[in-house]
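Structure at a glance
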Amino acid sequence: MPINLVQRVMGHEQASTTLNRYTHTPDDYAARVLEAFNGSAASLLPPTRETPSGSLLDGDGDDL
């Protein structure tokens, strides 16, 4: 949920109050942060889907 909507529903004047009250860091948060800074930027990206070997882009299909 967008934090500003939760803020309004809960009647908080500031979003920071909502965030401080309803968000919690996981136990392994420090390890995750250290891993992100120690690893390469590529390790932070989601895995990419590989193109199947029988792709239509290999030039064997009919041209349109």
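Residues numbered from 1 in each chain as written. Predicted model: local features only at pLDDT ≥ 70, side-chain atom pairs only at ≥ 80, totals over all residues. Heavy atoms only, no water.

**Considering the overall build of the protein**
Per the secondary structure count, the protein includes three helices and zero strands. Residues counted as buried form 6% of the 64 residues belonging to the protein. If you sum the accessible surface of the protein, you get close to 6400 Å²; carbon and sulfur atoms cover 55% of it. (Helix = DSSP H or I, 4+ residues; strand = E, 2+ residues; numbered from the N terminus. Buried < 20%, exposed > 50% of the residue type's maximum accessible area, 1.4 Å probe, protein only. Areas by Shrake-Rupley, 256 points an atom, 1.4 Å probe, with all protein chains shown as cover.)

**A closer look at the side chain of threonine 18**
Here threonine 18 lies in helix H2 (residues 15-22). One polar contact links threonine 18 to histidine 12, side chain to side chain, over a distance of 2.7 Å. Sequence-distant contacts of threonine 18, that is, excluding residues within four places in its chain, are made with Ile3, Val6, Gln7, His12 and Thr23. (Polar contact = N/O pair within 3.5 Å; in protein donor to acceptor, adjacent residues only side chain to side chain. Contact = heavy atoms within 4.5 Å.)

**Focus: the side chain of histidine 12**
Residue placement: histidine 12 occurs in the loop between helix H1 (3-10) and H2. Excluding its chain neighbours within four sequence positions, the residues that come into contact with histidine 12 are Gln7, Thr17, Thr18 and Tyr22.

**Overview of the confidence of the model for the protein**
Here the protein shows a mean pLDDT of 78. Residues at 70 or above account for 69%. Averaged pLDDT values for the elements of the protein fall to 83 in helix H3 (residues 29-38) and rise to 94 in H1. (pLDDT = per-residue confidence, 0-100.)

**Quick look at the packing of H1 against H2**
Running from amino to carboxyl end, H1 crosses H2 at an angle of 90 degrees, the nearest separation of the two axes being 9 Å. Taken together, H1 and H2 sit at an angle that is classed as roughly perpendicular. Of the residues in H2, those touching H1 at Ile3, Val6, Gln7 and Met10 are Ala15, Thr18, Leu19 and Tyr22. Of the residues that constitute the contact of H1 with H2, the class distribution is six nonpolar, two polar and no charged. (Axes fitted to C-alpha atoms, helices over the stretch in contact; angles between N-to-C directions. Parallel < 35°, antiparallel > 145°, perpendicular 65-115°, else oblique. Nonpolar A, V, L, I, M, F, W, Y, C, P; charged D, E, K, R; others polar.)

**A closer look at a nonpolar patch on the surface**
On the surface, Val9, Met10 and Tyr22 cluster together into a nonpolar patch covering about 330 Å² of accessible area. One can find valine 9 in helix H1. (Patch = residues over 30% accessible without salt bridge, like charges linked within 9 Å, V, L, I, M, F, W, Y side chains within 5 Å. Salt bridge = Lys/Arg side-chain N within 4 Å of Asp/Glu carboxyl O.)

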